[in-house]
Amino acid sequence: MSEVETFAFQAEINQLMSLIINTFYSNKEIFMRELISNSSDALDKIRYQSLTDKTVLDSQPDLKIEITTDDKNKIWIIRDTGIGMTKADLVNCLGTIARSGTKQFMEALTEGKADMSMIGQFGVGFYSAYLVADKVIVHTKHNDDEQYVWESEAGGHFTIRRDTGESLGRGTKIVLHLKEDQLDYLEERKIKDIVKKHSQFIQYPIHLLVRKETEREVEEEDTSDKKEEEKKEDDKKEDEAKVEDAKAEDKEKKKKKIKEVKEEWEQLNKTKPLWLRNPSEITKEEYGTFYKGLTNDWEEHLAVKHFKVEGQLEFTAVLYVPKRAPFDMFESRKKMNNIKLYVRRVFIMDNCEELIPEWLNFLKGLVDSEDLPLNISRETLQQNKILKVIRKNLVKKAIELFHDIKENKDDYKKFYESFSRNLKYGVHEDSQNREKLAELLMYHSTKSGDDQTTLKDYITRMKEGQKGIYYITGESKKSVENSPFVEGLKKRGIEVLFMTEPIDEYAMQQLKEYEKQKFICITKAGADLGETEEEKKAAEEEKKSFETLCSVIKETLGDKVEKVETSNRIVNSPTCLVTGEHGWSAYMERIMKSQALRDNSMSTYMVSKKTLEINPKHPIIKELKKKVDHDKSDKTVKDLIWLLFETSLLTSGFSLDEPSGFAGRIHRMIKLGLSIEDDDDAVNTELPPLEENTSTPVESKMEEVD
């Protein structure tokens, strides 16, 4: 029996295990990733040696990683044909963390000064095995030394002895005796899932010894034959006679199925790291296959961007745009992004919120860096500066990708239908790229028909002397294209953009101009609608002649409106309600009112004072002026003013504060049209009575109301 040497850990092992379990690893499955990564590192080392000396591979020419399990003995085994370790390596490398001094190491980690170069060495990653095992045995053979066994139960010491068992040739075999509550790591499905998640792009083949159950048909009386097969053949003639007898009895004998369990090696990492290849050599089909494997999407991708960034930080990335938006794209509890982060082809994380902004959360793909600094567990990035560099490049390349998609009209239409809200969200959030994102925006307009127009195209159609880019916000295309606010601009031949999504309101708060053309909301006061000097003079004269009517309307409505004035903004409608230049628009007011957790205190200073603008050329306003000039105290006038105000609220995009009062006025008009007398005066106690004139027929009363 070989001599056993016992070595004491220099640091207290309990502190060490506490450090690893509680500080480094939030997920115990990480042990598999760490051990596979260590095996990959060992294979890298022997491969590099073989570049200058091919004989180093003679002892074991195949470079591979093998995983086996023993359910009966609760053992999990990983073996590689890497460089292996000498006896000195076992003492030094597997004691790295202990030799550094756990106490000092913890202090350095707390202060952010820990030596991160330990990643990739045996030491930290290796000790993650104790997350799931209470005993670890390492068999290893280096070309320059004998084969040794390292063994420890994490009890303060480890032993090393010469290995007289099975020869490895070269490499390392790690045997984990699993804890009772970690036996699920013996399951084939779990091992496959973990390897696929963390290590599917390791460049060396990872094989798992799997057990497969097969069925075989045998004759019912075949048991005697089986016993015969286990013995040595006695005589060839007897065997031939038996075969002839069996053939003769084939038709008579019944057959039955028996189950057999076979063991075979199955490669777990068949997907090659496509991103390491030259983009010009990769076909569209290969990108598609890789996309489906990476994302589990059943559809093809819409577009892909494959690029490498070089300089102070080097990384390769592949970004995919899916064909359709996920239904939960803006759910607050949803994972923030779908970009997987790899370091040297080993999966690190897919939930790094700093890697990509929220407005790009629909992008799928990966980032792989050769020299990304990680903390001791490979789980968290150590330097935020690095993240900012990656994030900046990803956003830049994503916008380039969107512009590439834009070159194909049909593809961009699909893209915009699915992800227009993300672009507008980006306009609101990303000040650095706002101008580039604005180039991607498209809207329906008064001149675009069924298609949408870009801002660039809008500018090419602007009339000479036009003051800016006119737009209107609302709930739907139909509601805004028939809005009273559009009438005046349509008459002048000026194009108006229709913005019909809530996110448009937020985007326009940040997007003040595009190519030095200011955005002008036509539903707000102070909007320069491009009136000529003659129109302005005529408007001033009309304003003077309608001063009395305006004052009566203001007096009737009280604090419902801030002021009443004449306007050239409207053509076919009698009135409209405009909001203050710096307050909420009508649509924004409705959006804010619908917020489930809204702060009502904000409404007090953000809800704009409304201005009622009247159309002096409209017959209703002209007749109303005559009535006021004839008798200011006419009771019908007040009822009509309220009716005009409430219809203006609706046509201008506001909601009614008192729908029942509005309904009461409409019902009275219906009764009037149907010649129905009010029998119950109590119904209309809150409404001012219509002017009574018995000599006037019903038809003329309807004309007055109209």
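The following paragraphs examine the structure supplied in this document. (Residues numbered from 1 in each chain as written. Predicted model: local features only at pLDDT ≥ 70, side-chain atom pairs only at ≥ 80, totals over all residues. Heavy atoms only, no water.)

Quick word on the overall build of the protein chain
Rules: Here a helix means four or more residues in a row that DSSP labels H or I, a strand means two or more in a row labelled E, and each is numbered from the N terminus. Exposure categories follow from relative accessible area, calculated using a 1.4 Å probe and restricted to protein chains: below 20% of the type maximum is buried, above 50% is exposed, and the middle band is partly exposed. In what follows, a contact means two residues having at least one pair of non-hydrogen atoms within 4.5 Å. To be clear on the numbers: accessible area is Shrake-Rupley with a 1.4 Å probe, and residue cover counts the displayed protein chains and nothing else.
The helix and strand inventory of the protein chain stands at 25 helices and 23 strands. Out of the 706 residues in the protein chain, the part that is buried amounts to 48%. In the protein chain, 73% of the contacts between residues at least 6 apart in sequence involve partners at least 24 apart. Within the structure as shown, the protein chain displays about 38000 Å² of accessible surface, and the carbon and sulfur contribution to it stands at 46%.

Some remarks on the environment of V175
The topology assignment puts V175 in strand β7 (residues 171-178). Its relative accessible area of 8% is what places V175 among the buried residues. Along the sequence, V175 and I78 sit 97 residues apart, while their C-alpha atoms lie 6.8 Å from each other. Contact partners of V175, with chain neighbours within four places excluded, come to I75, W76, I77, K135, V136, I137 and H139.

Observations concerning the sheet that holds strand β21 (residues 563-566)
Operational definition: Here the rule is simple: two strands pair whenever DSSP picks up at least two bridges between them. Note on definitions: angles span 0 to 180 degrees between N-to-C directions of axes, and those axes are lines fitted to C-alpha atoms, for helices only across the stretch in contact.
Taking strand neighbours across the sheet as the criterion, the 3 strands line up as β21-β23-β22 in an open arrangement whose pairing is mixed. Edge strands, defined here as strands with exactly one partner in the open sheet, are β21 and β22 (575-578). The mean angle between the axes of side-by-side strands here comes to 25°, regardless of whether they run parallel or antiparallel. Here 4 bridges tie β22 to strand β23 (residues 611-614), and the two strands are oriented antiparallel to one another. Across the sheet, L577 pairs through a bridge with L612, a residue of β23.

Considerations on a negative patch on the surface
We apply this condition: Only residues whose relative accessible area exceeds 30% and that take part in no salt bridge are eligible for patches, with like-charged residues grouped when within 9 Å of each other and nonpolar side chains (Val, Leu, Ile, Met, Phe, Trp, Tyr) grouped when within 5 Å. The rule for a salt bridge is simple: a side-chain nitrogen of Lys or Arg has to be within 4 Å of a carboxyl oxygen of Asp or Glu. A positive count includes Lys and Arg, and a negative count includes Asp and Glu. His and the chain ends are not counted in either. Every charge is mapped to an atom, namely NZ of Lys, CZ of Arg, CG of Asp or CD of Glu.
A surface patch of negative charge is lined by E353, E354, E358 and E429. Looking at where E354 falls in the secondary structure, it is placed in the loop between β13 (346-349) and β14 (364-369). The class of E354 is partly exposed, set by a relative accessible area of 41%.

Things to note about the pattern of salt bridges
Summed over the entire model, instances satisfying the criterion amount to 34 salt bridges. Notably, a salt bridge pairs K173 with E166, separated by 3.8 Å at the nearest N-O pair. You can call K173 buried: its relative accessible area is 17%. Between K305 and D404 there is a salt bridge, and its shortest N-O distance comes to 3.4 Å. One end of the pair, K305, is in strand β10 (residues 301-309); the other, D404, is in helix α11 (residues 384-406), and 99 residues separate them in sequence. With a relative accessible area of 40%, D404 lands in the partly exposed category. One salt-bridge network, held together by shared partners, links K305, K397, E400 and D404.

Quick word on the packing of helix α17 (residues 502-510) against helix α20 (residues 586-593)
Worth spelling out the cut-off: Here is the rule for handedness: rotate from the far helix to the near one, and if that takes an anticlockwise turn smaller than a right angle the crossing is left-handed, while a clockwise turn gives right-handed. Three classes are used, and their members are as follows: Ala, Val, Leu, Ile, Met, Phe, Trp, Tyr, Cys and Pro are nonpolar, Asp, Glu, Lys and Arg are charged, and the others, Gly among them, are polar.
Contact geometry of α17 with α20 gives a least axis separation of 10 Å together with a crossing angle of 115°. Two packed elements cross with a definite hand, and for α17 against α20 that hand is left-handed. Counted together, P502, E505, Y506 and Q509 of α17 and Y587, M588, I591 and M592 of α20 form the full contact between these two elements. For the contact of α17 with α20, the per-class residue count stands at 6 nonpolar, 1 polar and 1 charged.

What to know about the nonpolar core
Heads up, the rule is: By nonpolar core is meant a set of buried Ala, Val, Leu, Ile, Met, Phe, Trp, Tyr and Cys residues that side-chain atoms within 4.5 Å join together.
Among the nonpolar cores identified, the biggest contains 77 residues, and V321, L363, F402 and F415 are the most heavily contacted of them. Counting residues per element, this core draws most heavily on α11, which supplies 10 residues. Contacts of F402, omitting those with residues within four sequence positions, involve V321, W359, L360, F362, L363, Y412, F415, L423 and L440. Formed by 46 residues, the second largest nonpolar core is a distinct cluster that contains M32, V56, V132 and V346.

Here's the deal with the packing of helix α23 (residues 635-651) against helix α24 (residues 659-673)
Short version of the rule: Roughly parallel covers angles under 35 degrees, roughly antiparallel covers those over 145, roughly perpendicular covers 65 to 115, and oblique covers all other angles.
With their axes 10 Å apart at the nearest point, α23 and α24 run at an angle of 120° to one another. Of the possible angle classes, the one that applies to α23 and α24 is oblique. The handedness of the crossing between α23 and α24 is left-handed. Contacts between α23 and α24 involve D639, W642, L643, E646, T647 and L650 on the former and, on the latter, G661, F662, R665, I666, R668 and M669. Here the residues of the contact of α23 with α24 sort into 6 nonpolar, 2 polar and 4 charged.

A few points about the sheet that holds strand β18 (residues 496-499)
Hydrogen bonds between backbone atoms are what pair the strands of a sheet, whose relative direction is either parallel or antiparallel. Spatially, 6 strands are ordered β16-β15-β18-β17-β20-β19 in an open sheet, and the strand pairing comes out mixed. Two strands close off the open sheet at either side, each with one partner strand: β16 (453-454) and β19 (513-514). Pairing between strand β15 (residues 442-445) and β16: 2 bridges, direction antiparallel. The partner of Y443 across the bridge, within β16, is T453.

Overview of the packing of aromatic side chains
Condition: Whether two aromatic rings pair depends on their centres lying within 6.5 Å, for rings of Phe, Tyr and Trp, where Trp uses its six-membered ring; planes under 30 degrees apart make the pair stacked, over 60 edge-to-face, and the rest tilted. Note on geometry: a ring has a charge over it if NZ (lysine) or CZ (arginine) is within 6 Å of the ring centre and within 35 degrees of the ring normal.
Tallied over the entire structure, the rule returns 21 aromatic pairs. Each residue in the set F362, F402, Y412, F415, Y416 and F419 is aromatic and connected to the rest through ring pairs, giving one cluster. Across from the ring centre of Y185, 4.8 Å away, lies the NZ or CZ of K190, which sits over that ring. Lying across the ring of F546, K625 places its NZ or CZ 5.5 Å from the centre.

Focus: unusual backbone geometry
Leaving glycine aside, a negative phi is the common case for residues, and trans is the common case for peptide bonds. Residue R344 is not a glycine yet carries a positive backbone phi of 50°. Within the element layout of this structure, R344 appears in the loop between β12 (338-343) and β13. A relative accessible area of 34% means that R344 is categorised as partly exposed. The phi dihedral of K516 falls on the positive side, at around 65°, and the residue is not glycine. Mapping K516 onto the fold places it in the loop between β19 and β20 (517-521). Taking the relative accessible area as the measure of exposure, K516 reaches 76% and is therefore exposed.

Some thoughts on the side chain of N568
Positionally, N568 belongs in the loop between β21 and β22. The contact partners of N568, leaving out residues within four places of it in the chain, are G488, R492, E531, E535, A539, E542 and K617.

Geometry only, nothing functional implied.
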